[in-house]
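Spelled out, the chains give:
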Amino acid sequence: MSQTLPASPAWLATDRLDPAPSACQLDWLNEQGSLTLRLTTLAAGAFAVEPLAEGWQTLRDDECAVLGVPAGSEGWVREVYLLGHGRPWVFARSVAARSALQRHPFALDRLGSTSLGHLLFRDPAFSRQPIEACRYPAALLPVAVRSDGLWGRRSLFCQGPLGVLVAEVFLPALWQADATPHT
Ligand SMILES: C=C(O[C@@H]1C=C(C(=O)O)C=C[C@H]1O)C(=O)O
């Protein structure tokens with residue numbers, strides 16, 4: 001029996017999404033600044049990063065394509081929840097190719113509950129490529145937050161030949177929080 005592979009996200013420029021997200025969702029999808037900073041503001045400081053899984057894995061084909069490495073390449077994978085008031089608001093998966101990290105060390109594996117954003121937005125040498133978005137395949141989410149049709153985005157942060165691909169999936173609890181700011 002053939003093994004069914006998890007769906008691969010269909011990433012598109014955010015102005016090509018059809019049907020289009022709501023204006024609020026598009027505003028978040030297109031956020032050019034640090035998501036950590038924006039979430040911290042929305043949470044009035046009650047923000048945290050919860051690491052879920054970290055380690056060397058075979059990267060997905062769509063990740064290898066963006067990182068410019070052969071399909072089936074290994075890389076460091078960091079999956080986290082970004083929490084507001086202790087609730088998961090965003091699921092994030094950040095990856096970098098082993099071949100690039102061996103040449104250009106980057107503390108992706110030593111962050112723990114420190115936000116990756118502090119590294120990427122601190123050093124001006126990191127440039128961000130255009131943001132893409134998709135309805136993120138539920139099968140690629142942690143079971144606890146698995147749901148069809150959630151909006152996800154990804155962008156590649158580059159520092160010379162080092163690329164860090166960051167994907168963020170916006171969870172329903174964020175839309176509730178954004179609609180009703182915490183009192
Ligand atoms: C890129 C950023 O870093 C955030 C922090 C992450 C982490 O700590 O793993 C992952 C995704 C990002 O939303 C950011 O703050 O914009």
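All residue numbers here refer to positions counted from 1 along the written sequence of the relevant chain. With the structure being a predicted model, the display of local features is reserved for residues of pLDDT at least 70 and the display and counting of side-chain atom pairs for 80 or more, all residues being used for whole-chain, interface and lining totals. The side-chain numbers reported here are obtained from all heavy atoms of the structure, hydrogens and water having been left aside.

Under the annotation held in an unreviewed UniProt entry, the protein carries the name Probable chorismate pyruvate-lyase and is attributed to Geopseudomonas sagittaria. The Subcellular location (unreviewed entry) field of the UniProt record for the protein holds the comment "Cytoplasm". For the protein, the Pathway (unreviewed entry) comment in UniProt is given as "Cofactor biosynthesis; ubiquinone biosynthesis." UniProt positions are given in the numbering used here, feature names are shortened, and annotations may be inferred rather than shown by experiment.

A.B. asks: Could you clarify how one ought to interpret the overall build of the protein in this entry?
C.D. replies: In this text, helices come from DSSP runs of H or I with a minimum length of four residues, and strands from runs of E with a minimum of two, each type numbered from the N-terminal end. Broken down by element type, the protein carries six helices and eight strands. What you see in the protein, going N to C, is helices and strands ordered as β-α-α-β-α-β-β-α-α-β-β-β-β-α. Here the protein has a C-alpha radius of gyration of 16 Å; the compact-globule value for 183 residues is 16 Å, and the two agree. Projected onto its principal axes, the C-alpha positions of the protein cover 45 × 45 × 30 Å. Accessible area is worked out with a 1.4 Å probe on protein chains only. A residue is then buried under 20% of its type maximum, exposed over 50%, and partly exposed in between. For the protein, the proportion of its 183 residues judged to be buried stands at 48%. With the radius of gyration taken over C-alpha atoms, the globule rule is written as 2.2 Å times the number of residues to the power 0.38.

A.B. asks: Got a minute to help me understand the side chain of Ser73 in this structure?
C.D. replies: For Ser73, the position within the fold is in the loop between α3 (61-67) and β3 (74-84). Residue contacts are counted whenever heavy atoms from the two residues lie within 4.5 Å of one another. Among residues more than four places away in sequence, those in contact with Ser73 are Gln57, Thr58, Leu59 and Cys64.

A.B. asks: Where do I start with the pattern of salt bridges in this structure?
C.D. replies: Opposite charge on two side chains permits them to pair, given that their charged atoms come into close proximity. Only one rule defines a salt bridge in this text: a Lys or Arg side-chain nitrogen within 4 Å of an Asp or Glu carboxyl oxygen. Enumeration over the complete set of coordinates arrives at ten salt bridges. Arg78 is paired through a salt bridge with Glu54; the nearest N and O atoms lie 2.8 Å apart. Placement of the pair is Arg78 in strand β3 and Glu54 in strand β2 (residues 47-58), with a sequence separation of 24 residues. The salt bridge partner of Asp109 is Arg110, with a shortest N-O separation of 3.2 Å.

A.B. asks: Quick question: what am I supposed to make of the site of the ligand here?
C.D. replies: Residues in contact with the ligand amount to 17 residues; listed here are only the nearest, Leu35, Thr36, Arg78, Leu116 and Glu168. Ser34 places a polar side-chain atom, nitrogen or oxygen, 2.9 Å from an oxygen atom of the ligand. Gly117 places a main-chain nitrogen or oxygen 3.0 Å from an oxygen atom of the ligand. Residues are said to line a cavity or pocket when one of their atoms sits within 4 Å of a point; the points come from a 1 Å grid over protein atoms alone, cavities being sets where a 1.4 Å probe fits but cannot get out and pockets being open sets with protein on both sides within 12 Å along at least five of seven lines. By definition, a pocket or cavity contains a molecule when more than half of the molecule's atoms lie within 2 Å of the pocket's grid points. With respect to the detected pockets, the ligand is housed in the largest cavity. Secondary-structure elements contributing two or more residues to the shell around the ligand are α2 (35-42), β3, β4 (87-97), α5 (116-120) and β8 (162-170). Charged means Asp, Glu, Lys or Arg here, nonpolar means Ala, Val, Leu, Ile, Met, Phe, Trp, Tyr, Cys or Pro, and polar covers whatever is left, Gly included. Looking at the shell around the ligand residue by residue, the classes come out as nine nonpolar, six polar and two charged. Throughout this document, a residue counts as near a molecule or strand when at least one of its heavy atoms sits within 4 Å of that molecule or strand. The definition of a polar contact used here is a pair of N or O atoms within 3.5 Å, where within protein one atom must be able to donate a hydrogen and the other to accept one, and adjacent residues in sequence count solely through side-chain atom pairs.

A.B. asks: What is the right way to look at unusual backbone geometry in this model?
C.D. replies: A negative phi holds for most residues other than glycine; trans holds for most peptide bonds. A cis amide bond links Asp18 with the next residue in sequence, Pro19, at an omega value of 0 degrees. One can find Pro19 in the loop between β1 (12-13) and α1 (23-29). Its identity is not glycine, yet Ala44 carries a phi of approximately 50 degrees, on the positive side. Relative to the helices and strands, Ala44 resides in the loop between α2 and β2. Backbone geometry at His85 places phi at a positive 50 degrees, although glycine is not the residue there. Secondary-structure assignment places His85 in the loop between β3 and β4. Overall, the relative accessible area of 30% leaves His85 in the partly exposed class.

A.B. asks: Please explain the environment of Pro172 as it appears in this structure.
C.D. replies: By the element assignment, Pro172 lies in helix α6 (residues 172-179). In this structure the C-alpha to C-alpha distance between Pro172 and Val80, which are 92 residues apart in sequence, comes to 16 Å.

A.B. asks: Just to check I follow, could you spell out the packing of aromatic side chains for this structure?
C.D. replies: Two aromatic rings, taken as a pair, are described by how far apart their centres are and by the angle between their planes. Note on aromatic contacts: the rings of Phe and Tyr and the six-membered ring of Trp form a pair at centre separations within 6.5 Å, being stacked when their planes are under 30 degrees apart, edge-to-face when over 60 apart, and tilted otherwise. Enumeration according to the criterion identifies six aromatic pairs in this entry. Between Phe121 and Phe157 the ring centres are 5.6 Å apart and the planes differ by 75 degrees, which places this aromatic pair in the edge-to-face class. Residue Phe121 is found in the loop between α5 and β5 (127-128), and its partner Phe157 is found in strand β7 (residues 151-159); the two are separated by 36 residues along the sequence. With relative accessibility at 37%, the residue Phe121 sits in the partly exposed group. With a relative accessible area of 4%, Phe157 lands in the buried category. Judged by centre distance (5.6 Å) and plane angle (40 degrees), the rings of Phe170 and Trp175 are tilted. For Phe170, a relative accessible area of 0% gives the class buried. Three or more aromatic residues joined by ring pairs make a cluster, and in this case those are Trp28, Phe170 and Trp175. In this arrangement the basic side chain of Arg38 is found over the ring face of Trp28, its NZ or CZ atom lying 3.8 Å from the centre. We call a charge positioned above a ring when the Lys NZ or Arg CZ atom is no farther than 6 Å from the ring centre and deviates by at most 35 degrees from the ring normal.

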